[in-house]
Every structure is written in C-alpha cells, then in structure tokens.
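The lines below spell out each chain.
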Amino acid sequence: MKKKVLIVVDMQEDFVSGSLGTKEAQAIVPRVAEKAAHFDGTVIFTLDTHGADYLKTQEGRILPVPHCIKGTAGHRLVPELENLAERLGAEKVEKEAFGSLALAGKLEKVRDTIESVELVGLCTDICVVSNALIIKAAPPEVAVLVHSHCCAGVTPHSHGAALETMRSSQVKIL
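Here we summarise the structure given alongside this text. As the structure is a prediction and not an experimental result, all values here were calculated from the model. (Residues numbered from 1 in each chain as written. Predicted model: local features only at pLDDT ≥ 70, side-chain atom pairs only at ≥ 80, totals over all residues. Heavy atoms only, no water.)

Packing of helix α2 (residues 23-37) against helix α4 (residues 79-88) brings their axes to within 10 Å, and their N-to-C directions diverge by 5°. The orientation of α2 relative to α4 falls into the category roughly parallel. Two secondary-structure elements touch here, α2 through V29, V32, A33, A36 and A37 and α4 through E80, L81, L84 and L88. Along the lines of polarity and charge, the residues of the contact of α2 with α4 split into 8 nonpolar, no polar and 1 charged. (Axes fitted to C-alpha atoms, helices over the stretch in contact; angles between N-to-C directions. Helix = DSSP H or I, 4+ residues; strand = E, 2+ residues; numbered from the N terminus. Parallel < 35°, antiparallel > 145°, perpendicular 65-115°, else oblique. Contact = heavy atoms within 4.5 Å. Nonpolar A, V, L, I, M, F, W, Y, C, P; charged D, E, K, R; others polar.)

Spelled out as structure tokens, the structure:
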C-alpha cells in the first residue's frame with residue numbers, strides 16, 4: 001500500500017511572529033497544526049536555515065533581514081508544531097535554499113511507495129512553490145497537492161499568484 005507524505009514548510013518563529021512574520025502566517029498556525037496532527041501518513045518538517053554570515057549571501061544582499069539563523073529562537077518551529085514534531089517523531093530537513101533538492105531526492109528514492117506529497121506552510125510564493133515544483137519534477141508521477149488554506153504568502157496577492165503558478169504546473173490546489 002502506498003503512503004502519503006505531508007511536507008510542513010518553514011513554520012518557524014521568524015516567519016510567523018519574528019523578523020519576517022505576518023498576520024496571515026499567524027492565522028494559519030492552528031490549521032497547519034490540525035492538518036499535521038491528523039495526517040494519515042508521514043509528516044516531514046522543513047527548516048529554512050542560514051548561518052551568521054547571512055547578510056553576505058546572495059539572499060541576504062537581496063533581502064537584508066536576518067532570519068532563521070541556526071541556533072537562534074527564530075530558527076525553531078513555532079511551539080505548537082515543535083511539540084507536535086516531537087510527539088510524531090517527525091523528520092526535520094534543514095534547507096539552505098528556498099527549495100530542497102535533498103528532500104526531493106529522498107522522495108525520488110522511494111517514489112514507488114508514495115501515493116501523494118502534500119504541502120502546507122510558508123511562504124506560498126517562495127519556499128512552498130519552490131518545493132512543490134522541485135518535488136513535482138523529481139518523482140513526476142507522484143501527485144503533488146497544496147492546501148491553500150494552510151499556506152500564507154508574503155502578501156495575499158503573491159500567495160494567489162503562487163497558487164496559480166503551481167496549478168499551471170499540475171500541482172493540485174486544495
């Protein structure tokens with residue numbers, strides 16, 4: 001029997017209530033926690049991960065707001081999801097870029113055992129879309145789904161645009 005995988009993307013302190021937090025990100029926390037707590041399959045959490053040299057990186061020069069620096073409070077999952085990840089014994093995948101090639105590679109290796117990959121989290125228009133498209137390309141016959149009500153973008157407009165981009169790339173938007 002094939003299994004389902006849920007990827008909870010970057011639900012970290014800095015993206016929810018920290019340096020890059022938004023009211024939209026705060027609003028989805030209960031829905032993401034509910035989805036992950038009752039998911040019938042494997043749950044994996046991603047962590048946007050930067051070093052102390054963040055401002056010297058390409059991303060840091062374009063977005064000069066230090067965030068998700070490894071070892072800081074902002075790098076941690078929000079408490080509701082940190083506690084859930086511990087209870088589930090869920091894997092956490094650190095990623096240094098918007099999308100994770102390592103995560104897609106792991107899914108590619110077990111693609112014959114996967115029915116679908118579902119994504120929720122932050123930010124729809126940066127890391128969710130990047131991971132959805134990479135995963136869609138890695139095991140192309142595996143269904144990729146995004147729960148729009150469990151995602152938030154940098155702005156509501158960019159959230160909608162990212163959903164349309166994913167939809168046009170055969171990612172199912174729920």
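On we go.
Attention now moves to the side chain of H67. With respect to the secondary-structure elements, H67 resides in the loop between α3 (58-62) and α4. Only 3.2 Å separates the side chain of H67 from the side chain of D48, close enough to count as a polar contact. At a separation of 2.8 Å, a polar atom in the side chain of H67 contacts the main-chain carbonyl oxygen of V65. (Polar contact = N/O pair within 3.5 Å; in protein donor to acceptor, adjacent residues only side chain to side chain.)

A full pass over the atoms with the stated rule returns 9 salt bridges. Of the charged contacts, one joins K95 and D10 as a salt bridge, the two residues approaching to 2.8 Å between their closest N and O atoms. Placement of the pair is K95 in strand β3 (residues 91-95) and D10 in the loop between β1 (3-9) and α1 (13-16), with a sequence separation of 85 residues. By relative accessible area, K95 is classed as buried at 2%. (Salt bridge = Lys/Arg side-chain N within 4 Å of Asp/Glu carboxyl O. Buried < 20%, exposed > 50% of the residue type's maximum accessible area, 1.4 Å probe, protein only.)

The geometry of helix α5 (residues 101-109) relative to helix α6 (residues 124-137) is characterised by a closest axis approach of 9 Å and an angle of 35° between their N-to-C directions. Judged by the sense of rotation from one axis to the other, the crossing of α5 with α6 is right-handed. Along its contact with α5, which presents L101, L103, A104 and L107, the element α6 presents N131, I134 and I135. Classifying every residue of the contact of α5 with α6 by side-chain character gives 6 nonpolar, 1 polar and no charged. (Left-handed = near helix turned anticlockwise from the far one by under 90°.)

Further remarks concern the sheet that holds strand β4 (residues 114-122). Taken in spatial order, the 6 strands line up as β3-β2-β1-β4-β5-β6 in an open sheet, and their pairing is parallel. Across the chains shown, the open sheet's two edge strands, defined by having one partner strand only, are β3 and β6 (172-173). Summarising the sheet, strand β2 (residues 42-48) and β3 pair through 5 bridges and their orientation is parallel. Across the sheet, the residue bridging to I44 is E91, located in β3. Here α2 sits on the sheet and contacts β1, β2, β4 and β5 (143-152); the angle it forms with β5, its principal contact strand, is near 135°. (Pairing = 2+ DSSP bridges.)

Looking now at the state of the cysteines. The full count for this structure, using the stated rule, is 0 disulfides. Left without a disulfide partner, C123 is nearest to the cysteine sulfur of C127, which lies 6.7 Å away. A residue is classified by how much of its surface remains accessible, and C123, at 13% relative accessible area, is buried. A relative accessible area of 4% means that C127 is categorised as buried. (Disulfide = S-S within 2.5 Å.)

Most of β5 is tucked away: 7 of the 10 residues are buried. The pairing of β4 with β5 spans 6 bridges and is classified as parallel. Counted as the bridge partner of G121 is C151 from β5. With α6 bridging β4 and the parallel β5, this β-α-β connection has right-handed handedness. (Right-handed = clockwise from strand over helix to strand, strands pointing away.)

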